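A structural walkthrough
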Amino acid sequence: MIDALTLWPDICKRLQPEFNQLYKKKQLHGALIFVDTETSGFKDADIIELGAISVTPPATRDGDVELDFFCQLIFPYQGYRVSPWATNIHGITSTMLQRHGHPPFETFQNFIEWIDQKSPAYLVAHCASFDKGMLEKNLLKHGIDYALPKFLCTVKMAKALPIKSRKLAFVASYYNFDNQQAHRAIADAEVCAYIYTQMVLDGIKQR
């Protein structure tokens, strides 16, 4: 069981210097939110874990960025099962959801309220079409009418890199970032945030 609150101090230590540098060197405007979803693995997949990291620009040129996070397991309904092959990827089991999961409507409502508080210029995801599509599908499924902010995609940005695959692990490895909790939402959101800073600092166009 990953405890995002326990991981958060180390995530901040890793990300804050990178974003301080990014906002000082590049003309970025507005906050950013990095998003990752983990799903049940079935055809009509439910989001079973939602993780996001927000980055708010420094109030002054010499100030620090402000970081915040949202991370919850989601338990769709009593008796809900996770596909075994999906569990093999991310490690999330039906038992974990039953013990620690939150109701979906409450989780998604809290998430969009959190987004609105941050007023991001963009949401950023690795393979944004997937995470955007999953979020839109799940919001609609639970009767929540909300227009998500525009997405940027780090997979598209990674097309400029000399690597054989644009999967998150390969891009992370290219930038010497060791993701020890791969395929968990808050950990993958951190990797997405880190590689975004490196690619923008390398002059790769945001997409």
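One can find the structure itself at the top, above this paragraph.
Residues numbered from 1 in each chain as written. Predicted model: local features only at pLDDT ≥ 70, side-chain atom pairs only at ≥ 80, totals over all residues. Heavy atoms only, no water.

Bringing helix H4 (residues 104-118) into the picture now. For H4, which comprises 15 residues, the first-to-last C-alpha distance of 21 Å matches the rise-based estimate of 21 Å (1.5 Å per residue) to within 8%. Of the residues making up H4, those classed as buried are Pro104, Thr107, Phe108, Phe111, Ile112, Trp114, Ile115 and Lys118. For H4, the buried positions fall inside an angular range of 155° around the axis, keeping them on one side. As for H4, its buried residues are in contact with strand E1 (31-39), strand E2 (47-56), strand E3 (66-73), strand E4 (120-125) and helix H5 (128-141). Ser119, located one to two residues past H4, shows a positive phi value of around 50°. (Helix = DSSP H or I, 4+ residues; strand = E, 2+ residues; numbered from the N terminus. Expected span 1.5 Å × (residues − 1). Buried < 20%, exposed > 50% of the residue type's maximum accessible area, 1.4 Å probe, protein only. Arc of directions from axis to C-beta. Contact = heavy atoms within 4.5 Å.)

Now for the side chain of Thr39. Within the secondary structure, Thr39 sits in strand E1. The contact partners of Thr39, leaving out residues within four places of it in the chain, are Ala45, Asp46, Ile47, Ile48, Ala86, His90, Phe130 and Met134.

What follows deals with the packing of H4 against H5. The interhelical angle for the contact between H4 and H5, taken along N-to-C directions, is 120°, at an axis separation of 10 Å. Classified by the angle between their axes, H4 and H5 sit oblique to one another. When you trace H4 past H5, the crossing you get is left-handed. Contact residues: H4 offers Phe108, Phe111 and Ile112, while H5 offers Leu135, Asn138 and Leu139. A class-by-class count of the residues in the contact of H4 with H5 yields five nonpolar, one polar and no charged. (Axes fitted to C-alpha atoms, helices over the stretch in contact; angles between N-to-C directions. Parallel < 35°, antiparallel > 145°, perpendicular 65-115°, else oblique. Left-handed = near helix turned anticlockwise from the far one by under 90°. Nonpolar A, V, L, I, M, F, W, Y, C, P; charged D, E, K, R; others polar.)

Unusually for a residue other than glycine, Cys127 sits at a positive phi of about 65°. Of note, Cys127 is situated in the loop between E4 and H5. Cys127 gets classed as partly exposed once you look at its relative accessible area, which sits at 33%.

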